[in-house]
Amino acid sequence: MKTTFFYIIILFSISCSNKNDQQNYTSDKSLHTAYKSLFPIGMAIHKSDIILDSLKLISSHFSSISSASGFKFDHIHPHNDEYDFSRADSLYAFAQKNNLKFRGHTLVWGNRNPYWLFWDSKGDLVNRKLLDQRLKNHITTVIGRFKKAVHTWDVVNE
């Protein structure tokens with residue numbers, strides 16, 4: 001993660017020093033301030049990022065965050081009858097405290113779905129109707145919990 005930050009800062013410094021830019025960006029501006037008129041600056045973070053020394057950098061340079069893995073199916077809904085919102089909740093609290101937009105990433109992702117989604121307790125593939133119902137229940141529950149918090153959803157990824 002620190003390497004990523006290093007590259008972001010280097011790219012930002014280069015773009016701020018380019019004299020051909022139409023706008024006069026200075027290196028004392030944050031990324032999200034410098035490019036506010038062009039597009040929002042976002043970053044996917046882990047729960048540990050809000051605890052580590054990257055906290056100040058994230059809250060200073062970004063206008064939006066998404067969870068790198070806290071919303072992924074296997075983290076938030078590891079078992080058919082169990083939800084764990086702790087990662088997503090902590091990231092949302094951080095976003096709220098630092099006035100950041102919060103993106104819901106992602107409800108369904110090809111390689112991060114729990115085993116129970118596709119298989120029954122006997123180890124057999126579930127039928128299409130049950131799979132559709134499990135997906136609907138998951139998506140409805142997660143979006144229902146965060147509907148006022150999340151500004152954009154990534155529903156299906158890869």
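Preceding this section is the structure that the text describes.
Bear in mind the structure is a predicted one, so any value in this text is a computation, not a measurement. (Residues numbered from 1 in each chain as written. Predicted model: local features only at pLDDT ≥ 70, side-chain atom pairs only at ≥ 80, totals over all residues. Heavy atoms only, no water.)

Bringing the packing of aromatic side chains into the picture now. Scanning all chains against the criterion turns up nine aromatic pairs. Between F71 and F102 the ring centres are 5.8 Å apart and the planes differ by 50°, which places this aromatic pair in the tilted class. In this pair, F71 is assigned in the loop between β2 (64-67) and α4 (73-76) and F102 in strand β3 (residues 101-109), connecting sequence segments 31 residues apart. Overall, the relative accessible area of 0% leaves F71 in the buried class. (Phe/Tyr/Trp six-rings, centres within 6.5 Å; stacked < 30°, edge-to-face > 60°. Helix = DSSP H or I, 4+ residues; strand = E, 2+ residues; numbered from the N terminus. Buried < 20%, exposed > 50% of the residue type's maximum accessible area, 1.4 Å probe, protein only.)

Attention now moves to the pattern of salt bridges. Side chains that differ in charge, positive against negative, can pair when their charged atoms come close. In this structure the tally under the stated criterion is four salt bridges. D74 is the partner of R112 in a salt bridge, and the nearest nitrogen-oxygen pair spans 3.0 Å. Within this pair, whereas R112 is found in the loop between β3 and α6 (115-118), its partner D74 is found in helix α4, the two being separated by 38 residues in sequence. Here D154 and R103 are joined by a salt bridge, their closest N and O atoms 2.7 Å apart. (Salt bridge = Lys/Arg side-chain N within 4 Å of Asp/Glu carboxyl O.)

Attention shifts here to the nonpolar core. Ranked by internal contacts, the top residues of the largest apolar core, which has 30 residues, are I45, I65, F71 and F146. Looking at this core, the elements with two or more residues in it are α2 (31-34), β1 (42-45), α4, α5 (86-97), β3, α6 and α7 (128-146). Considering each element in turn, this core owes the most residues, four residues, to α5. Setting aside its immediate chain neighbours within four residues, F146 contacts F71, I76, F85, A88, D89 and W153. (Core = buried A, V, L, I, M, F, W, Y, C linked by side-chain atoms within 4.5 Å. Contact = heavy atoms within 4.5 Å.)

Let us look at the pairing of β2. Burial along β2 is two-sided: S64 and S66 and I65 and S67, pointing in opposite directions, are all buried. Two strands pair when backbone bridges link them, and β1 and β2 are joined in this way by four bridges, in the parallel orientation. The residue bridging M43 from the neighbouring strand is I65, located in β2. Judged from the three bridges that link them, β2 and β3 form a sheet pairing that is parallel. Along β3, the bridge assignment pairs I65 with F102. (Pairing = 2+ DSSP bridges.)

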